[in-house]
Protein chains: 2
Amino acid sequence: MQNALVILAEGFEELEAITVMDLLVRANIEVVSAGLIPGPVVAARQTVIVPNMDLDEALEETYDLVVLPGGLPGADYLTKDSRVIALVREQYHNNRLIGAICAAPRVLIAAGICHDKTLCCYPGSLDQQDTTDIQITNDAVCVDGQIVTSRGPGTAMDFALQLIELLEGTAKRETVEASLVRHQKPEASLCI
Amino acid sequence: MQNALVILAEGFEELEAITVMDLLVRANIEVVSAGLIPGPVVAARQTVIVPNMDLDEALEETYDLVVLPGGLPGADYLTKDSRVIALVREQYHNNRLIGAICAAPRVLIAAGICHDKTLCCYPGSLDQQDTTDIQITNDAVCVDGQIVTSRGPGTAMDFALQLIELLEGTAKRETVEASLVRHQKPEASLCI
């Protein structure tokens with residue numbers, strides 16, 4: 001069974017985080033949610049979520065996938081947490097998957113793993129970062145090696161489905177997608 | 001300021017509930033989440049959410065909109081709760097909005113407010129209900145008077161946006177929708 005860690009910082013975007021967590025569970029991937037500190041976490045739109053554990057405890061395991069939800073100030077708290085930066089680097093250098101959506105790609109840039117990479121993100125959310133050696137696209141989901149990025153709440157479902165496809169294959173992705181009863185078809189939404 | 005009550009029963013579909021709560025907050029609608037009993041609620045895919053209050057306390061106020069998320073066994077707990085049934089009837093007879101998604105339209109049928117109405121729901125989720133005087137469509141969102149229904153996680157965003165449009169108008173809906181960075185266009189998704 002593959003596993004995934006979703007890190008929840010105060011002010012995370014609850015729709016992005018829950019979309020990923022819900023869909024990964026539907027795909028029979030073990031999901032661990034972890035707060036930066038022990039206890040409930042208040043999301044960007046005031047939803048209060050109780051994570052499975054805090055990050056110190058979560059870091060006793062390794063994960064096939066680490067997911068960083070967006071939302072502000074959540075993504076900035078992730079950027080400033082040395083444990084998150086170290087985890088992202090370790091994940092990258094061990095060729096394991098990293099997913100970041102909305103404002104969270106800034107964490108990957110802060111970790112120094114995006115040189116010559118192609119990313120997508122929430123429009124304008126990387127304006128304060130040095131992106132001179134990064135290609136930023138307007139795709140809904142962008143896969144560059146083991147770095148998977150996406151734009152925002154409206155693309156979170158495609159992001160989660162792409163992560164499922166990378167971890168569990170196309171058939172599992174299609175099974176999960178069918179269970180959602182989507183009425184939209186993505187339009188030119190993926191760059192790989 | 002308009003207000004909305006979202007009722008969270010054990011086993012509710014977290015993606016549906018959070019999508020509605022997140023988007024209503026983006027539209028500056030006051031959102032109250034209430035559990036059937038005090039304390040945290042475990043959702044269908046194991047997310048643990050701390051509601052604002054329990055239902056007894058929430059029922060001290062009235063709401064412009066009452067939302068019933070789907071998910072099982074969540075929707076069945078809603079159906080069996082006499083307070084929820086009484087609230088749905090009161091909401092209906094006072095011409096206030098009711099939203100139900102996925103398996104939750106069965107609550108509206110149990111409350112006896114669906115005679116000659118047009119609804120949509122999660123495929124197959126009303127098989128055990130008496131739907132002889134109800135029209136069931138395959139649209140993503142269905143608006144019949146003040147009853148608004150939808151099909152599942154994949155249509156939750158359209159459902160939430162439709163509720164915003166009914167409460168706050170088209171301009172507010174468009175502002176919220178633009179903030180989401182959607183990459184899909186609904187196809188023949190709405191019946192009114």
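See the structure above.
Overview of the structure. (Residues numbered from 1 in each chain as written. Chains lettered and ligands numbered in written order. Predicted model: local features only at pLDDT ≥ 70, side-chain atom pairs only at ≥ 80, totals over all residues. Heavy atoms only, no water.)

Strand order in the open sheet formed by four strands is β3(A)-β4(A)-β4(B)-β3(B), with antiparallel pairing between adjacent strands. Because the sheet does not close on itself, it has two edges, and the strands there are β3 (41-42) of chain A together with β3 (41-42) of chain B. As defined by bridge partners, β3 of chain A adjoins strand β4 (residues 48-50) of chain A across two bridges and the pair is classed as antiparallel. The residue bridging Val41 of chain A from the neighbouring strand is Ile49 of chain A, located in β4 of chain A. (Pairing = 2+ DSSP bridges. Helix = DSSP H or I, 4+ residues; strand = E, 2+ residues; numbered from the N terminus.)

Of the transformation placing chain A onto chain B, the axial shift is 0.0 Å and the rotation is 180°, giving an RMSD of 0.0 Å. When the rotation and shift are considered jointly, the pair of chain copies conforms to a two-fold rotation axis. Proximity to the rotation axis, assessed at the C-alpha, singles out Ile49 of chain A in chain A; its C-alpha lies 2.3 Å from the axis. Comparing interface residues between copies, 100% of those in chain A also sit at the interface in chain B, which points to an isologous, same-surface contact. (Least-squares fit on C-alpha atoms with pLDDT ≥ 70 in both. Contact = heavy atoms within 4.5 Å.)

With that settled, consider the pairing of strand β10 (residues 141-144) of chain B. In this structure, β10 of chain B lies alongside strand β11 (residues 147-150) of chain B, joined through four bridges in antiparallel fashion. Among the inter-strand pairings, Val141 of chain B is bridged to a residue of β11 of chain B, identified as Ser150 of chain B.

Moving on, we get to the state of the cysteines. Enumeration over the complete set of coordinates arrives at zero disulfides over all chains. Cysteine Cys121 of chain A is unpaired, with the sulfur of Cys120 of chain A as its nearest cysteine sulfur at 7.1 Å. Free cysteine: Cys120 of chain B, not disulfide-bonded; nearest cysteine sulfur from Cys142 of chain B at 5.1 Å. (Disulfide = S-S within 2.5 Å.)

This part takes up helix α4 (residues 82-93) of chain A. Residues and elements named next belong to chain A. Across its twelve residues, α4 extends 16 Å between first and last C-alpha, which sits within 8% of the 16 Å expected from 1.5 Å per residue. Taken together, the buried positions of α4 are occupied by Val84, Ile85, Leu87, Val88, Gln91 and Tyr92. Within α4, the buried residues cover an arc of 165° as seen down the axis, which keeps them to one side. Looking at α4, the residues exposed on the side facing more than 90 degrees away from the buried face are Ser82 and His93. (Expected span 1.5 Å × (residues − 1). Buried < 20%, exposed > 50% of the residue type's maximum accessible area, 1.4 Å probe, protein only. Arc of directions from axis to C-beta.)

With that settled, the discussion passes to the pattern of salt bridges. Residues and elements named next belong to chain A. Under the counting rule described, the total for this entry stands at 22 salt bridges over all chains. Measuring nitrogen to oxygen at the nearest pair gives 3.1 Å for the salt bridge that ties Glu165 to Arg173. With a relative accessible area of 26%, Glu165 lands in the partly exposed category. Note that Glu177 and Arg173 form a salt bridge whose closest N and O atoms lie 3.2 Å from each other. With Glu177 and Arg173 both in helix α7 (residues 170-179) and four residues apart, this pair spans about one turn of that helix. A relative accessible area of 21% means that Glu177 is categorised as partly exposed. (Salt bridge = Lys/Arg side-chain N within 4 Å of Asp/Glu carboxyl O.)

Take the packing of helix α1 (residues 14-26) of chain B against helix α6 (residues 156-168) of chain B next. All names here are of chain B. The contact between α1 and α6 brings their axes to 9 Å, and the two run at 35°. Once α1 is placed against α6, the crossing between them reads as right-handed. Residue-level inspection shows Glu16, Thr19, Val20, Leu23 and Leu24 of α1 in contact with α6, the latter providing Ala156, Met157, Phe159, Ala160, Leu161, Leu163 and Ile164. Its residues placed into classes, the contact of α1 with α6 shows ten nonpolar, one polar and one charged. (Axes fitted to C-alpha atoms, helices over the stretch in contact; angles between N-to-C directions. Left-handed = near helix turned anticlockwise from the far one by under 90°. Nonpolar A, V, L, I, M, F, W, Y, C, P; charged D, E, K, R; others polar.)

Bear in mind that shape data such as this cannot, by itself, settle questions of function.
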